[in-house]
Amino acid sequence: MSECYAYLPHQLLRRRVRDIASGTEGELMAVINENVSDTGVERWMPLAYIRAASGREFTTAVGNVEPVTAV
């Protein structure tokens, strides 16, 4: 199994975003193409890494990321 991760460009990097799946907000730190398979068959997916206010980072699908708009 290949372990070649790739950082991907994203227009919201280092900006405040919301994970629409959980509603959690934070700063988009990176988008990385990762092998998410736990079997012998590779399955690659771009994952967004978001750092929440607590300082902990979590991942979500890139499609779940939206910018936080100021009110």
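Residues numbered from 1 in each chain as written. Predicted model: local features only at pLDDT ≥ 70, side-chain atom pairs only at ≥ 80, totals over all residues. Heavy atoms only, no water.

Engineer: I'd like a rundown of the overall build of the chain, residues and numbers included.
Structural biologist: A tally of regular secondary structure across the chain gives 0 helices and 6 strands. Beginning at the N terminus, the succession of helices and strands in the chain can be written as β-β-β-β-β-β. With respect to the three principal axes, the spread of C-alpha positions in the chain is 45 × 20 × 20 Å. Classification of the 71 residues of the chain by burial places 27% in the buried group. A separation threshold of at least 6 residues defines the contact pool for the chain, and within that pool the share at least 24 residues apart is 42%. Summed over all atoms, the accessible surface of the chain reaches about 4,800 Å², with 52% contributed by carbon and sulfur. Within the chain, the 9 negative side-chain charges are centred at a point lying 8 Å from the centre of the 7 positive side-chain charges. (Helix = DSSP H or I, 4+ residues; strand = E, 2+ residues; numbered from the N terminus. Buried < 20%, exposed > 50% of the residue type's maximum accessible area, 1.4 Å probe, protein only. Contact = heavy atoms within 4.5 Å. Areas by Shrake-Rupley, 256 points an atom, 1.4 Å probe, with all protein chains shown as cover. Lys, Arg positive; Asp, Glu negative; His and termini not counted. Charge placed at Lys NZ, Arg CZ, Asp CG, Glu CD.)

Engineer: So what about the pairing of strand β5 (residues 57-61)? Which residues, and what values?
Structural biologist: Within a regular strand, side chains alternate between the sheet's two faces. Bridge count between strand β4 (residues 44-52) and β5: 5 bridges; the pairing is antiparallel. The partner of Arg 51 across the bridge, within β5, is Glu 57. If you look at the hairpin formed by β4 and β5, you'll find 4 residues sitting between the two strands, and Gly 55 has a positive phi there, around 95 degrees. (Pairing = 2+ DSSP bridges.)

Just distances and angles here, no functional claims.
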